[in-house]
Amino acid sequence: MTSYDTILVEQRGRVGWITLNRPDALNALNTRAMHEIVVAAEGFDRDPGVGAIVVTGSERAFAAGADIKEMADKSSVDMVLDDHFGAWNRFAAVRTPVIAAVSGYALGGGCELALMCDIILAADTAAFGQPEIALGVIPGMGGTQRLVRAMGYYKAADLVLTGRRMSAEEAERAGLVSRVVPAGELLDVAGEVADGIAAKSLPSLYAAKAALDAALETPLSAGLRYESAAFTSLFATEDQKEGMAAFRDKRAPEFTGR
Ligand code: CO8
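Source: prediction; values computed, not measured.

Undergrad: What should I look at first to understand the pattern of salt bridges in this one?
TA: Note on pairing: side chains with opposite charge can pair once their charged atoms come close. Scanning all chains against the criterion turns up 15 salt bridges. Between Asp-158 and Arg-164 there is a salt bridge, with its nearest N and O atoms 3.0 Å apart. In this structure Arg-164 comes out as partly exposed when scored by relative accessible area, which is 27%. Through salt bridges with shared partners, a single ionic network connects Lys-155, Asp-158, Arg-164 and Glu-170.

Undergrad: Would you mind showing me how to read the packing of helix H1 (residues 31-45) against helix H4 (residues 84-92) here?
TA: The relative placement of two packed helices is expressed as an angle between their axes plus a distance between the axes. Two numbers describe how H1 lies on H4: the axes approach to 9 Å, and their chain directions differ by 30°. Taken together, the axes of H1 and H4 are roughly parallel relative to one another. Helix-helix and strand crossings are classified by hand; for H1 and H4 the assignment is left-handed. Along its contact with H1, which presents Thr-31, Met-34, His-35, Ile-37, Val-38, Ala-41 and Glu-42, the element H4 presents His-84, Ala-87, Trp-88, Arg-90 and Phe-91. Here the contact of H1 with H4 is built from residues that sort into 7 nonpolar, 3 polar and 2 charged.

Undergrad: Sorry, what's going on with the site of the ligand here?
TA: As a structural note, the neighbourhood of the ligand is formed by 25 residues, with Arg-60, Ala-66, Ile-68, Lys-69 and Gly-109 the closest of them. In the model, an oxygen atom of the ligand is placed 2.8 Å from a nitrogen or oxygen of the Ala-66 main chain. Between an oxygen atom of the ligand and a side-chain N or O atom of Lys-69, the distance comes to 2.9 Å. Across the complex, the protein chains shield 69% of the 1,100 Å² of accessible surface that the ligand would expose by itself. Looking at the shell around the ligand, the elements with two or more residues in it are helix H2 (68-71), strand S6 (105-107) and helix H5 (109-115). Among the elements that make up the shell around the ligand, the one with the highest residue count is H2 (3 residues). Split by residue class, the shell around the ligand holds 13 nonpolar, 5 polar and 7 charged.

Undergrad: How should the sheet that holds strand S7 (residues 119-123) be read in this particular structure?
TA: In sheet architecture, strand pairing relies on hydrogen bonds along the backbone and comes in two forms, parallel and antiparallel. Strand order in this open sheet of 6 strands is S1-S2-S3-S5-S7-S10, and the pairing throughout is mixed. Edge strands, defined here as strands with exactly one partner in the open sheet, are strand S1 (7-12) and strand S10 (179-181). Geometrically, the sheet is characterised by an average inter-axis angle of 20° between neighbouring strands, direction not taken into account. Taken together, the 4 bridges between strand S3 (residues 52-56) and strand S5 (residues 98-102) define a ladder with parallel strand orientation. Bridging across to S5, Thr-56 finds its partner in Ala-101.

Undergrad: What exactly am I supposed to notice about the environment of Asp-67 here?
TA: Summarising the element assignment, Asp-67 is placed in the loop between strand S4 (61-63) and H2. Only 3.0 Å separates the side chain of Asp-67 from the backbone nitrogen of Glu-70, close enough to count as a polar contact.

Undergrad: Just checking my understanding: could you explain the pairing of S3 for this structure?
TA: On any regular strand, side chains alternate: one points to one face of the sheet, the next to the other face. Burial analysis of S3 places 5 of its 5 residues in the buried class, which makes it a mostly covered element. Side chains of S3 alternate between two faces, with Ala-52, Val-54 and Thr-56 and Ile-53 and Val-55 buried alike. Alignment of strand S2 (residues 15-20) against S3, held across 5 bridges, turns out to be parallel. Directly across from Val-15, in S3, lies its bridge partner Ala-52. In the classification by handedness, the crossover that spans S2, the intervening H1 and the parallel S3 is right-handed.

Undergrad: Sorry, what's going on with the layout of surface pockets here?
TA: Here the largest pocket is characterised by a volume of approximately 880 Å³. For the largest pocket, the lining is made up of 28 residues, of which Leu-115, Cys-117, Asp-118, Asp-213 and Leu-216 are closest to its centre. The set of elements that each furnish at least two residues to the lining of the largest pocket consists of H4, S7, helix H6 (143-151) and helix H10 (202-217). The residue makeup of the lining of the largest pocket, split by class, is 17 nonpolar, 5 polar and 6 charged. Along the walls of the second largest pocket sit 27 residues, with Ala-66, Met-71, Met-79, Val-137 and Ile-138 positioned nearest its centre. Elements supplying a minimum of two residues to the lining of the second largest pocket: H1, H2, H4 and H5. Of the residues in the lining of the second largest pocket, the class split is 16 nonpolar, 7 polar and 4 charged.

Undergrad: It is not clear to me how the confidence of the model for the protein chain should be interpreted in this structure. Could you clarify?
TA: Detailed reading of the predicted coordinates is not advisable wherever pLDDT is low. Summarising the model, the protein chain shows a mean pLDDT of 97, and 100% of its residues fall at 70 or more. Here the complex is predicted with pTM 0.98, and the ipTM for its interfaces comes to 0.98.

Cut-offs used in this document
For every chain, the first residue of the written sequence is number 1, and numbering continues from 1 along that sequence. Local features in this predicted model are restricted to residues of pLDDT 70 or higher, and side-chain atom pairs are both shown and tallied only at a pLDDT of 80 or more, whereas totals for entire chains, interfaces and linings draw on every residue. Side-chain calculation: all heavy atoms of the structure are included, whereas hydrogens and water are not. Any carboxyl oxygen of Asp or Glu within 4 Å of a side-chain nitrogen of Lys or Arg constitutes a salt bridge here. The classification of residues rests on relative accessible area computed with a 1.4 Å probe and restricted to protein chains. Under 20% of the type maximum is buried, over 50% is exposed, and intermediate values are partly exposed. To obtain an axis, a line is fitted to C-alpha atoms, over the contacting stretch when the element is a helix, and the angle between two such axes runs from 0 to 180 degrees between their N-to-C directions. Strands are runs of DSSP state E lasting at least two residues, helices are runs of H or I lasting at least four, and both sets are numbered from the N terminus onward. Put simply, angles under 35 degrees are roughly parallel, angles over 145 are roughly antiparallel, angles from 65 to 115 are roughly perpendicular, and the rest are oblique. Crossings are sorted by hand: turned counterclockwise from the far helix by less than a right angle, the near helix makes the crossing left-handed, and turned clockwise it makes it right-handed. The criterion used for residue contact is that any of the two residues' heavy atoms lie within 4.5 Å. Any residue that is not Ala, Val, Leu, Ile, Met, Phe, Trp, Tyr, Cys, Pro, Asp, Glu, Lys or Arg is counted as polar, Gly included; the first ten are nonpolar and the last four charged. We call a residue near a molecule or strand as soon as one heavy atom of that residue lies within 4 Å of the molecule or strand. Any pair of N or O atoms that falls within 3.5 Å is considered a polar contact. Within protein, one atom must be able to donate a hydrogen and the other to accept it, and sequence-neighbouring residues count only if both atoms are side-chain atoms. All accessibility values rest on the Shrake-Rupley procedure with a 1.4 Å probe; residue burial counts only the protein chains present in the view. At least two bridges found by DSSP between two strands is the condition for calling them paired. The handedness rule is simple: strands pointing away from the viewer, and a clockwise path from the first strand over the helix to the second, make the crossover right-handed. Points on a 1 Å grid over protein atoms alone make up a cavity when a 1.4 Å probe fits among them but cannot get out, and a pocket when they form an open set with protein on both sides within 12 Å along at least five of seven lines; lining residues each have an atom within 4 Å of a point. Grid points are joined across faces, edges and corners, and a volume is the space filled by probe spheres set on the points. As a per-residue measure, pLDDT tells how confident the predictor is, with possible values from 0 to 100.

Next up, the structure:
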């Protein structure tokens, strides 16, 4: 059993919950938090009893960014050798669907952590932003790349070049947020969405996430070939037979992941 200092980790039913827990630093992502989040997410990802992961913070902050105090005196070479990028890439490579449940500040690395997730649920109090430009740097956990893909160039450039914050409502209009919910309902909604996903067939969840990822990285023709191959291969699973038989029999499917 792994013990964690900066996060709380819990499995509820088929859902793995990771709650950022550095309240004194508004959940700033220091090196320890980064490693713990990656280890916890990979642990859930290896467990066939887990079909969805939720990452959340506190009411006040999802995460206010990478830990500025930890980074402040580092050299450029220190940052290369620390290789934060490799660790976060492991988080982004998790095969299980990941939901970010965001309340309060999602700034800098906090916004970028949400962007590594598959669904972003935002409390109506959430505030998204990439304030790095005010610190003499730029986003470093994927913000410039994933924001452009999520919102288009001009909205992304508005965030990255000015460092301004965006409300949950504006972020939803811009395509960064999947759904906005009243703050008091955020965790319940996240639980419902995650339970619903986790009840699906695991092979189809893996295939769906991988195909969605392919859409961000390949030209349309290659992405369509990828989707077609994944779609047809799912007909070799028992879950496809079960899902379609259940529809025909007007009953709920019982997926086994085989
Ligand atoms: N890092 C370290 N400590 C932080 C951070 C942070 N990012 N954010 C807040 N804190 C700390 C504060 O220092 C303060 O601690 P203390 O009480 O010891 O002084 C405590 O959290 C509470 O914060 P505030 O008193 O500032 O609370 P306010 O309500 O007044 O303000 C804000 C809240 C607006 C969120 C403010 O704290 C703030 O602007 N934080 C910094 C936001 C920011 O600039 N984030 C970007 C960081 S850089 C980054 O994320 C780069 C990502 C890529 C990195 C890749 C490799 C690591």
